[in-house]
Every structure is written in C-alpha cells, then in structure tokens.
Amino acid sequence: LDEYHMNIEIMANYADVIGGIAVLISLVYVGFEIRRNTKSSLSQTNMTIHESMANISLEVGKDAQLSSLFRKGLFSFSKLDDDERFQFFTLMTSLYRRFENVFYQNEKGLLEDQLWTGYSQSMAAYTSTEGGKEFLRHRKDSFSTSFSAFLEASEVKKSFRL
C-alpha cells in the first residue's frame with residue numbers, strides 16, 4: 001500500500017509540473033497575442049488617420065473653386081466675403097476636427113512618433129496663416145481645452161507656402 005501511495009504522489013507531482021508548464025506556455029501565447037493585437041490596433045489607427053487627412057486634401061484638391069477659396073482663406077482672409085468666410089470656417093472646422101483626433105490619438109500613445117511629427121508640423125503651418133489665426137480666434141473654444149492649449153503653446157512655427 002505504501003508503494004501505491006508513493007506512485008500516486010509521484011504521479012501527482014508530475015501532473016503539477018506538467019500543469020505548470022502548460023500554464024506558462026499559455027501565458028507566453030497570450031502575451032504574444034496581446035502584442036500582435038496591439039500592433040494591429042496601432043496600425044489601424046494610423047491608417048484611419050491617414051485616410052481621414054487624405055480625404056480632406058482630396059476634396060479640396062479636386063474642386064478648383066473650393067481650392068481657390070481655401071487658399072484665399074488661408075492667405076488673404078480679410079478679402080473673403082461673408083459667404084466665403086462661412087465656407088472657409090466650415091472647411092477649417094473639418095480640418096481641425098481631424099487635427100484634434102490626431103492630437104488625441106497621440107496623447108493616448110496610439111500614433112507613431114514620426115507621424116506625429118509630420119502632423120504637428122502641418123498643424124503649426126495652417127495655424128500660422130492669416131486665415132488659420134482668424135479661424136482659431138473665433139472657433140478655438142469649440143475644441144477640447146487640451147487641444148486648444150497645444151495649438152496656443154506650440155513652439156513649432158513653420159511658414160506655410162504654396
């Protein structure tokens with residue numbers, strides 16, 4: 001009987017070791033899956049942001065009248081009539097909502113550093129124009145306080161030339 005109990009005890013010890021190894025393998029697998037899913041999420045976020053920014057550029061670029069209005073609004077804002085100002089502000093709201101999303105994704109750590117550098121340069125460039133300054137003077141409060149503070153405090157000053 002003692003030999004029987006020893007065999008059971010030895011088998012129980014083996015089962016514990018095998019169970020521990022199985023748990024360890026499961027944890028390693030879960031770690032790899034989490035890492036892969038995180039990379040996939042980051043990639044999806046970056047792609048979505050790129051598509052959003054590209055879409056607004058495409059819309060402005062493919063319409064000569066809208067493109068002209070946008071350029072005039074950026075560089076000669078004071079020459080816009082009331083209807084043009086409304087259209088320019090609507091376009092800028094769309095652009096800056098996208099910029100705000102880029103800012104938010106970066107704050108959450110979901111945007112690659114190289115992409116953030118390019119987008120923050122673009123934000124500074126648009127913000128430095130006559131129309132960009134005028135737009136933010138009137139609409140700054142319609143954005144999150146942290147994004148508005150970023151735009152005000154941005155040390156990245158780049159002149160925007162076309």
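Throughout what follows, the structure given in this document is the object of discussion. (Residues numbered from 1 in each chain as written. Predicted model: local features only at pLDDT ≥ 70, side-chain atom pairs only at ≥ 80, totals over all residues. Heavy atoms only, no water.)

1. Thoughts on helix H2 (residues 64-75)
In plain terms, the rule: What counts as a helix is a DSSP run of H or I of at least four residues, what counts as a strand is a run of E of at least two, and both are numbered from the N terminus. Helix span, as expected, comes to 1.5 Å for every residue beyond the first. Distance and chemistry together define a polar contact, namely a pair of N or O atoms within 3.5 Å, with one atom able to donate a hydrogen and the other to accept it when in protein, and with adjacent residues in sequence counting only for side-chain atoms on both sides.
The terminal C-alpha atoms of H2, which comprises twelve residues, lie 16 Å apart, in line with the 16 Å expected from a rise of 1.5 Å per residue. At the N-terminal boundary of H2, the capping side chain belongs to Asp63, with an oxygen 3.0 Å from the backbone nitrogen of Gln65.

2. Considering the layout of surface pockets
For the record, the criterion: The way it works is a 1 Å grid over only the protein atoms, where trapped points that fit a 1.4 Å probe form a cavity and open points with protein on both sides within 12 Å along at least five of seven lines form a pocket, and then any residue with an atom within 4 Å of a point lines it. Grid points are joined across faces, edges and corners, and a volume is the space filled by probe spheres set on the points.
When its volume is computed, the largest pocket comes out at roughly 180 Å³. Looking at the largest pocket, the residues that line it are Met53, Ile56, Ser57, Val60, Phe70, Leu91, Leu95, Phe99, Tyr119, Ser122 and Tyr126. Sorting the residues of the lining of the largest pocket by element identifies helix H1 (2-62), helix H3 (82-107) and helix H4 (113-127) as the ones contributing at least two each. Of all the elements, H1 adds the most residues to the lining of the largest pocket, at four residues.

3. Considerations on the pattern of salt bridges
Applicable threshold: Note on definitions: salt bridges are taken to be side-chain nitrogens of Lys or Arg within 4 Å of carboxyl oxygens of Asp or Glu. For every residue, the accessible area obtained with a 1.4 Å probe (protein chains only) is divided by the maximum for its type, and the residue is called buried under 20%, exposed over 50%, and partly exposed between those limits.
Scanning all chains against the criterion turns up five salt bridges. Here Lys62 and Glu59 are joined by a salt bridge, their closest N and O atoms 3.4 Å apart. Of this pair, Lys62 and Glu59 are both found in helix H1, three residues apart, which corresponds to roughly one turn of the helix. Relative accessible area serves as the criterion here: at 42%, Glu59 is assigned to the partly exposed category. We note a salt bridge from Arg97 to Glu100, for which the minimum N-O separation is 2.9 Å.

4. Some details on a nonpolar patch on the surface
Worth spelling out the cut-off: Put simply, a patch holds well-exposed residues, over 30% relative accessible area, that have no salt bridge, with like charges counted together within 9 Å and Val, Leu, Ile, Met, Phe, Trp or Tyr side chains within 5 Å. The accessible surface values rely on the Shrake-Rupley method and a 1.4 Å probe; as for residues, cover is taken only from the protein chains in view.
A cluster of nonpolar residues, Ile10, Tyr14 and Ile18, forms a patch on the protein surface that exposes about 340 Å² of accessible area. Note on placement: Tyr14 falls in helix H1. What makes Tyr14 exposed here is its relative accessible area of 55%.

5. Some details on the nonpolar core
Rules: Residues belong to a common nonpolar core when they are buried Ala, Val, Leu, Ile, Met, Phe, Trp, Tyr or Cys residues joined through side-chain atoms within 4.5 Å. Contact definition: two residues touch when any of their heavy atoms are within 4.5 Å.
Within the largest apolar cluster, 31 residues are counted, with the highest numbers of intra-cluster contacts made by Phe70, Leu95, Tyr96, Met123 and Phe147. Those elements giving two or more residues to this core turn out to be H1, H2, H3, H4, helix H5 (130-139) and helix H6 (145-153). Leaving out residues up to four positions away in the same chain, Phe147 has contacts with Tyr96, Phe99, Glu100, Phe103 and Met123.

6. Focus: the packing of aromatic side chains
Each aromatic ring pair is characterised by the separation of its centres together with the angle its planes make. Let me state the cut-off plainly: Two rings belonging to Phe, Tyr or Trp (six-membered ring only in the last case) form a pair when the distance between their centres is within 6.5 Å. Interplanar angles under 30 degrees mark stacking, angles over 60 mark edge-to-face geometry, and anything in between is tilted.
Across all of its chains, the model carries 16 aromatic pairs by this definition. Ring centres of Tyr96 and Phe143 lie 6.3 Å apart, and the angle between their planes is 50°; on these two criteria the pair is classed as tilted. With Tyr96 in helix H3 and Phe143 in the loop between H5 and H6, this pair connects stretches of sequence that are 47 residues apart. Side by side, Tyr96 and Phe143 carry an identical accessibility label, which is buried.

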